[in-house]
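Take a look at the letters that make up each chain.
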Amino acid sequence: MAQVQLQETPRWKNFLGCVGPGFLVSVAYLDPGNLQTDLQAGADHKYELLWIVLVGLTFALIIQSRSANLGVATGKHLAEHCKEEYPLPVKYCLWILAEVAVIASDIPEVIGTAFALNILLKIPMWSGVLLAGLNTLLLLGLQRYGIRKLEVVIGVLVMVVGGCFFAVLLHVRPSPKGILTGMFVPKLEGKGATSAAIALLGALIMPHNLFLHSALVISRKIPRTYDDIRIASKHFLIESGLALFLAFLINVAVVSVTGSVCSDLNIFLENAAHCKNISLNSAAFLFKNAIGNWSSKLYAISLLASGQSSTVTGTYAGQYIMQGFLDLKMKVWLRNLLTRCIAIAPSLVACIIGGSQGAAKLIIVASMILSFELPFALVPLLRFTSSEAKMGHHKNPKPVSLVSWLLCCCLIGINLYFLSTTLMGWIMSNKMPKIGLIFTGVLAFLTMMLYVSLLTYLTLKREKSAASSTDLAMGTIRTSGSRDERGSELSSNQRTNEFESDHIILA
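Notes on the structure follow. (Residues numbered from 1 in each chain as written. Predicted model: local features only at pLDDT ≥ 70, side-chain atom pairs only at ≥ 80, totals over all residues. Heavy atoms only, no water.)

Examining the overall build of the chain
(1) Moving on: Within the chain one finds 21 helices and 2 strands.
(2) Moving on: Sorting the 507 residues of the chain into buried and exposed places 56% on the buried side.
(3) Moving on: At a minimum sequence separation of 6, the contacts of the chain that also span at least 24 residues come to 86%.
(4) Moving on: Carbon and sulfur atoms provide 67% of the accessible area of the chain, an area that totals close to 21,900 Å². (Helix = DSSP H or I, 4+ residues; strand = E, 2+ residues; numbered from the N terminus. Buried < 20%, exposed > 50% of the residue type's maximum accessible area, 1.4 Å probe, protein only. Contact = heavy atoms within 4.5 Å. Areas by Shrake-Rupley, 256 points an atom, 1.4 Å probe, with all protein chains shown as cover.)

Some details on a nonpolar patch on the surface
(1) Moving on: A cluster of nonpolar side chains, namely Trp126, Leu130, Val349, Ile352 and Ile353, defines an oily patch on the protein surface of about 530 Å² accessible area.
(2) Moving on: Those elements that place two or more of their residues in the nonpolar patch are helix H7 (125-140) and helix H16 (332-373).
(3) Moving on: If one sorts the elements of the nonpolar patch by residue count, H16 sits on top with 3 residues.
(4) Moving on: In this fold, Ile352 is placed in helix H16. (Patch = residues over 30% accessible without salt bridge, like charges linked within 9 Å, V, L, I, M, F, W, Y side chains within 5 Å. Salt bridge = Lys/Arg side-chain N within 4 Å of Asp/Glu carboxyl O.)

So, the nonpolar core
(1) Moving on: Ranked by internal contacts, the top residues of the largest apolar core, which has 129 residues, are Tyr29 and Tyr299.
(2) Moving on: No other element matches the 15 residues that helix H12 (residues 226-262) contributes to this core.
(3) Moving on: Among all residues touching Tyr299, those that are not within four sequence positions of it are Leu39, Ile119, Phe165, Ser279, Leu280, Ala283, Ala284 and Phe287. (Core = buried A, V, L, I, M, F, W, Y, C linked by side-chain atoms within 4.5 Å.)

Remarks on the state of the cysteines
(1) Moving on: Counting across every chain of the model gives 1 disulfide.
(2) Moving on: Across the disulfide from Cys262 sits Cys275; the S-S distance is 2.0 Å. With the S-S bond torsion at -85°, the cross-link from Cys262 to Cys275 turns out left-handed. Here the residue Cys262 occupies a position in helix H12, and Cys275 occupies one in helix H13 (residues 269-276), the gap between them amounting to 13 residues. With respect to burial, Cys262 and Cys275 carry one shared label: buried. (Disulfide = S-S within 2.5 Å.)

Observations concerning the packing of H12 against helix H14 (residues 282-290)
(1) Moving on: Relative orientation of the contacting elements H12 and H14 amounts to 55°, with a least axis distance of 11 Å. Our classification of the angle between H12 and H14 gives oblique. Like other packed secondary-structure pairs, H12 and H14 cross with a definite hand, here left-handed. Contacts between H12 and H14 involve Val257, Thr258, Val261 and Cys262 from the former and Leu286, Phe287 and Ala290 from the latter.
(2) Moving on: Among the residues making up the contact of H12 with H14, the classes are represented as 6 nonpolar, 1 polar and no charged. (Axes fitted to C-alpha atoms, helices over the stretch in contact; angles between N-to-C directions. Parallel < 35°, antiparallel > 145°, perpendicular 65-115°, else oblique. Left-handed = near helix turned anticlockwise from the far one by under 90°. Nonpolar A, V, L, I, M, F, W, Y, C, P; charged D, E, K, R; others polar.)

Points about H14
(1) Moving on: Buried within H14 are the following residues: Ser282, Ala283, Ala284, Leu286 and Phe287.
(2) Moving on: Tucked inside the fold, the buried residues of H14 contact helix H3 (32-45), helix H6 (88-121), H12, H13 and helix H15 (293-326).
(3) Moving on: Immediately downstream of H14, the backbone of Gly292 shows phi near 145°, a positive value.

Looking at the packing of aromatic side chains
(1) Moving on: All told, the structure shown has 9 aromatic pairs when counted by the stated rule.
(2) Moving on: With 5.6 Å between their ring centres and 65° between their planes, Tyr316 and Tyr320 make a pair best called edge-to-face. Note that Tyr316 and Tyr320 are positioned in helix H15 at a spacing of 4 residues, about one turn of the helix.
(3) Moving on: Assessed through its relative accessible area of 2%, Tyr316 is described here as buried.
(4) Moving on: Tyr320 gets classed as buried once you look at its relative accessible area, which sits at 5%.
(5) Moving on: Here Phe376 and Tyr451 contribute two aromatic rings whose centre-to-centre distance is 5.3 Å and whose plane-to-plane angle is 85°, an arrangement assigned as edge-to-face. (Phe/Tyr/Trp six-rings, centres within 6.5 Å; stacked < 30°, edge-to-face > 60°.)

Observations regarding the side chain of Ser347
(1) Moving on: You can see Ser347 is positioned in helix H16.
(2) Moving on: With a relative accessible area of 0%, Ser347 lands in the buried category.
(3) Moving on: When near neighbours in sequence (up to four residues on either side) are disregarded, Ser347 contacts Ile107, Val110, Ile111, Val129 and Leu362.

Structural notes on the pattern of salt bridges
It is possible for side chains bearing opposite charge to pair when their charged atoms get close.
(1) Moving on: One pass over the structure, following the stated rule, counts 8 salt bridges.
(2) Moving on: As a salt-bridge pair, Lys76 and Glu84 come within 2.6 Å of each other at their nearest N and O atoms.
(3) Moving on: A relative accessible area of 22% means that Lys76 is categorised as partly exposed.
(4) Moving on: Judged by relative accessible area, Glu84 falls into the partly exposed class, the value being 35%.
(5) Moving on: Among the ionic pairs, Lys83 bridges to Asp327, the shortest N-O distance being 3.8 Å. Within this pair, whereas Lys83 is found in helix H5 (residues 78-85), its partner Asp327 is found in the loop between H15 and H16, the two being separated by 244 residues in sequence.

Brief notes about the packing of helix H4 (residues 50-74) against H12
(1) Moving on: Where H4 meets H12, the closest approach of the two axes is 9 Å, and the angle between their N-to-C directions is 155°. Comparing the axis directions of H4 and H12 gives the class roughly antiparallel. For the pair H4 and H12, the crossing hand works out as right-handed.
(2) Moving on: Grouping the amino acids of the contact of H4 with H12 by side-chain chemistry returns 18 nonpolar, 7 polar and no charged.

Read these as spatial facts, not as claims about activity.
Take a look at the structure:
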């Protein structure tokens, strides 16, 4: 990955040099898995759950800003800190969980792309999965031309997703009063509103996004002084806020479209059936029947852009996870190929064996896996960003730490509730023999005990003394000398041959 040089320039130009990582990260909040959850929430509860989207993305901004601060302040990303902090068995456990999270997040993204290609070009699902993997590798090839080129392409794809849904939104003309009321008046009324709200929150924050954001900010060369790090952290916070605000508007548009279509009193029975159990595939038929063929095509284009952009960032995150935990010195194209092949394998098998129905069920399984794994990225992140040994003067202030840990506990509780209720529902709906139910219950109990034990260890583990903590603290004190005299330390991953300089003159 190429680096972007931030030089002493007017502040607004320096801010533009920081624009990019937040938009790459925001893609995860617009991936096909989130779109499916939004579509169902709107279909079932109209605009009622829009306040959940607002609260969820506000939470996301707080958590993502912690991830960016970790990379800016330390020059190392989350996976590298996990490798240094934890003993070998825990390190490998966290690496495996992170890789599984990348694969799980990739499932709805690849399947969403395959659905889009099937709707637009009538390509079989399994062929669409292979094409999705190939297209992602081609887009990742833009890395050789610099990180900025890839950021621009992803930004364009995000605009395509938003543009398509806003065009449909303007046509269906939802109630502005209803949207504002749903956004700012919290309520959970109607059957299944609580579980739908939990699904919305659970689908928002992705584990791999926390690894990715802390790594992407390192692509900017930031002088290792207190003021420069503080200003860069502020710039990345503003940039992330703008990117997530755009993601919020697009999520609102998705919920509002199905909320307006499915609440129509004159809706046909066939469309009502689609609204009851909407999926990425059936949404196209719903839009075609209720609005017109053009709307289903726009939906497919937005789904294609969403799937392609999110698979690129997912593969990117996989690169950093593999490099950070294992310190593999692999060629970039080879690591991309390896990560991509591992990620698309489950989707390809599901599409070949189960077709579109099997693919849709796999998306639900993937969301459960992501809910299960989120704490194993979130807890280390909050431990590291609250650590003076690692962050020096840039550690989380006490109010921020308190809010972050409260959010962490809430998210863990929500995800555990979602996971346990979904699992229990699946067990009860399957007519298993009594011995099978007992065996499944015991296995689930042991898994939960192991889960809670590992989380407790990650939360309470005594921090490893960092030899570099004094240097970090001394390197970030305020100085009055010129910036040319201030030392600039490069992080370990910036020292590898993989990183080429790609200076952007902001003067």
